[in-house]
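# Remarks on the overall topology
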Amino acid sequence: MSAIIVDGKAVAAELRAELTSQVAAMTAAGSAPPSLAVVLCGDDPASAIYVRNKGRAAERAGVRFTLHRPRAESTTDELVALVGTLDADETIDGILVQLPLPKQIDQDAVMACISPEKDADGFHPYNFGRLAEGHPAVVAPGTPLGCMELLRRSDMQLQGSRAVVIGRSAIVGRPLALMLTNADATVTICHSRTRELAAVCREADILVSAIGRPRMVDASYVKPGAFVIDVGTTPQDGVVVGDVDRESVEPVAGWLTPVPGGVGPMTIAMLLRNTLALARARRGLAQV
Ligand code: GUN
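Please read all numbers here as calculations on a predicted model, not as lab measurements. (Residues numbered from 1 in each chain as written. Predicted model: local features only at pLDDT ≥ 70, side-chain atom pairs only at ≥ 80, totals over all residues. Heavy atoms only, no water.)

## Notes on the nonpolar core
Filter applied, for reference: As used in this record, nonpolar core signifies buried Ala, Val, Leu, Ile, Met, Phe, Trp, Tyr and Cys residues forming a set joined through side-chain atoms within 4.5 Å. Summary of the burial criterion: residues with accessible area below 20% of their type's maximum are buried, those above 50% are exposed, and those between are partly exposed, where the area comes from a 1.4 Å probe applied to protein chains only. Under the DSSP-based scheme used, a helix requires at least four consecutive residues in state H or I and a strand at least two consecutive residues in state E, with every element numbered from the N terminus. Working rule for contacts: check all heavy atoms of both residues, and any pair within 4.5 Å makes them a contact.
Counting residues in hydrophobic clusters, the biggest one holds 31 residues, and the most contacted among them are Met-148, Leu-151, Leu-158, Leu-180, Ile-206, Ile-229 and Val-231. Of all elements in the fold, only helix H1 (8-28), helix H6 (142-153), strand E5 (162-166), helix H7 (173-182), strand E7 (206-209), strand E8 (227-230) and helix H10 (264-282) reach the threshold of two or more residues within this core. A per-element tally of this core places H6 first, with 5 residues. Other than its neighbours up to four places away in sequence, Leu-158 contacts Met-148, Leu-151, Leu-180, Ala-183, Asp-184, Ala-185 and Ile-206. Formed by 21 residues, the second largest nonpolar core is a distinct cluster that contains Val-51, Leu-272, Leu-276 and Ala-279.

## So, the side chain of Ser-115
Defined as follows: In protein, a polar contact requires one atom able to donate a hydrogen and another able to accept it; more generally it is a pair of N or O atoms within 3.5 Å, and residues adjacent in sequence count only if both atoms are side-chain atoms.
Position of Ser-115 among the secondary structure elements: in the loop between helix H4 (107-111) and helix H5 (125-132). Of the polar contacts made by the side chain of Ser-115, one reaches the side chain of Asp-87; its length is 2.8 Å. In this view, Ser-115 contacts Asp-87 and His-124; residues no more than four positions away in its chain are not counted.

## Looking at the environment of Ile-95
When you line up the elements, Ile-95 lands in strand E4 (residues 94-97). In the structure, Ile-95 is positioned 16 residues away from Met-111 in sequence and 9.8 Å away in space, judged by C-alpha atoms. Aside from chain neighbours lying at most four places away, what touches Ile-95 is Leu-36, Ala-37, Val-83, Leu-86, Asp-87, Ile-114, Lys-118, Asp-119, Ala-120 and Asp-121.

## Examining the site of the ligand
Basically, it comes down to this: By convention in this text, a residue qualifies as near a molecule or strand provided that one of its non-hydrogen atoms is within 4 Å of it. Here the accessible surface of atoms and residues is derived via Shrake-Rupley with a 1.4 Å probe, and residues count as covered only by protein chains that are part of the display. The classification used treats Ala, Val, Leu, Ile, Met, Phe, Trp, Tyr, Cys and Pro as nonpolar, Asp, Glu, Lys and Arg as charged, and all other residues, Gly among them, as polar.
Taken together, the residues surrounding the ligand are Lys-54, Leu-96, Val-97, Gln-98, Leu-99, Asp-121 and Phe-123. In this structure, Gln-98 approaches the ligand through a side-chain N or O atom, which is 3.1 Å from a nitrogen atom. The backbone of Leu-99 places a nitrogen or oxygen atom 2.8 Å from a nitrogen atom of the ligand. For the ligand, whose accessible area on its own is 280 Å², the fraction buried by protein is 76%. Counted by class, the shell around the ligand contains 4 nonpolar, 1 polar and 2 charged residues.

## Thoughts on the environment of Gly-160
By secondary structure assignment, the location of Gly-160 is in the loop between H6 and E5. When neighbours within four sequence positions are excluded, Gly-160 is seen to be in contact with Asp-184 and Ala-185.

## Remarks on H6
Put simply, the rule reads: How far a helix is expected to stretch is found by multiplying one less than its residue total by 1.5 Å.
With 12 residues, H6 ought to run about 16 Å at 1.5 Å a step, and its terminal C-alpha atoms sit 16 Å apart, in line with that. By the criterion of burial, H6 is predominantly enclosed, with 10 of the 12 residues buried. For H6, the elements touching its buried residues are H1, H7, E7, E8 and H10. In the stretch just after H6, Asp-155 is the one whose phi turns positive, near 60°.

## Here we look at the pattern of salt bridges
Counted only if it meets this: Take a side-chain nitrogen of Lys or Arg and a carboxyl oxygen of Asp or Glu: if they are within 4 Å of each other, that pair is a salt bridge.
As enumerated under the stated definition, the model contains 13 salt bridges in all. The salt bridge partner of Glu-14 is Arg-153, with a shortest N-O separation of 3.1 Å. Placement of the pair is Glu-14 in helix H1 and Arg-153 in helix H6, with a sequence separation of 139 residues. Glu-149 is paired through a salt bridge with Arg-273; the nearest N and O atoms lie 3.3 Å apart. One end of the pair, Glu-149, is in helix H6; the other, Arg-273, is in helix H10, with 124 residues separating them in the sequence. Taken together, the shared-partner salt bridges in this structure form one network comprising Glu-14, Glu-18, Glu-149, Arg-152, Arg-153 and Arg-273.

## Things to note about the sheet that holds E8
Test applied: Criterion used throughout: strands pair if DSSP finds at least two bridges between them. Axis lines are fitted to C-alpha atoms, over the contacting stretch for helices. Their N-to-C directions set the angle, which ranges from 0 to 180 degrees.
A sheet is described by the order of its strands in space; here 6 strands give the open sequence E1-E11-E8-E7-E5-E6, paired in parallel fashion. The open sheet has two edge strands with one neighbour each: strand E1 (4-5) and strand E6 (186-190). H7 contacts E5, E6 and E7 of the sheet and is inclined by roughly 170° relative to E5.

## Considerations on the state of the cysteines
Rules: Sulfur atoms of two cysteines make up a disulfide when they are within 2.5 Å.
Counting across every chain of the model gives 0 disulfides. With no disulfide of its own, Cys-113 lies 13 Å from the sulfur of Cys-41, the closest cysteine sulfur. For Cys-113, a relative accessible area of 17% translates into the label buried. For Cys-201, which is in no disulfide, the shortest distance to another cysteine sulfur is to Cys-190 and amounts to 5.0 Å.

## Quick look at unusual backbone geometry
With an omega of 0°, the peptide bond between Leu-99 and Pro-100 qualifies as cis. For Pro-100, the position within the fold is in the loop between E4 and H4. Of note in the backbone geometry, Glu-196 takes a positive phi value of approximately 50° without being a glycine. Topologically, Glu-196 is positioned in the loop between E6 and helix H8 (197-201). If you check the backbone angles, Asp-237 has positive phi at about 50° while not being a glycine. Looking at where Asp-237 falls in the secondary structure, it is placed in the loop between strand E9 (234-236) and strand E10 (239-241). What makes Asp-237 exposed here is its relative accessible area of 79%.

If you want it as structure tokens, here you go:
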């Protein structure tokens, strides 16, 4: 057996095309286009590339994109004032503060200035709480949403399945475990202290690794036929390396999302979906 390699790039392109049509339909009906404001503070080169890609994707989909670049030496008060102004601006539907922020900034204080109704990243505790309570949330973090979309579009049966998520971060592992639970999977969250990790993972019909340890997940972690999702992105010698040892896992798994070209491209598509959802909610329109 050899795993089906899940083409996240193609699925993300399909999704962006769907979102572009939805934005066009909304504006044709007389609404203002969705608008996304992004704050990029500091000179992290990876963040600059991510933000450029987000801007391009937004503009191509018909989403109005504005970039704010406060200087790297900004204070917490300055960023709080900037994000507060964006939050109060009626013409803006979604706000994203690119992370990480420079060390001198109190990240929590800045993020707290984004109201749940403008939370394009889906990071706000209110939106996380909705997800945790099992309610449909208007927005949710893009990376786990992208994983769920890849599962759905591959017709993976979630109800009653066993899922194991390696990684308990607030933006990937925890929200993904909640999404899988809400989709009626039976979910185990593992982390760096989990004992017998490979044995626990071998029980999974759906195995997700979001721990950031290059090539840690080999065939000994994988139940034959499992759906393996690799969320790892560790830069190594100028390339991005996933958590999954593809050579070892591909002959055992049923499906495998590659790095690059698996979950990564889905994250930006989900940011656009979140922005459209916020815009529809703010205009009193039903979700599509
Ligand atoms: N930095 C790396 N990924 C992300 C993301 O998804 N959102 C934000 N705001 N910052 C990031």
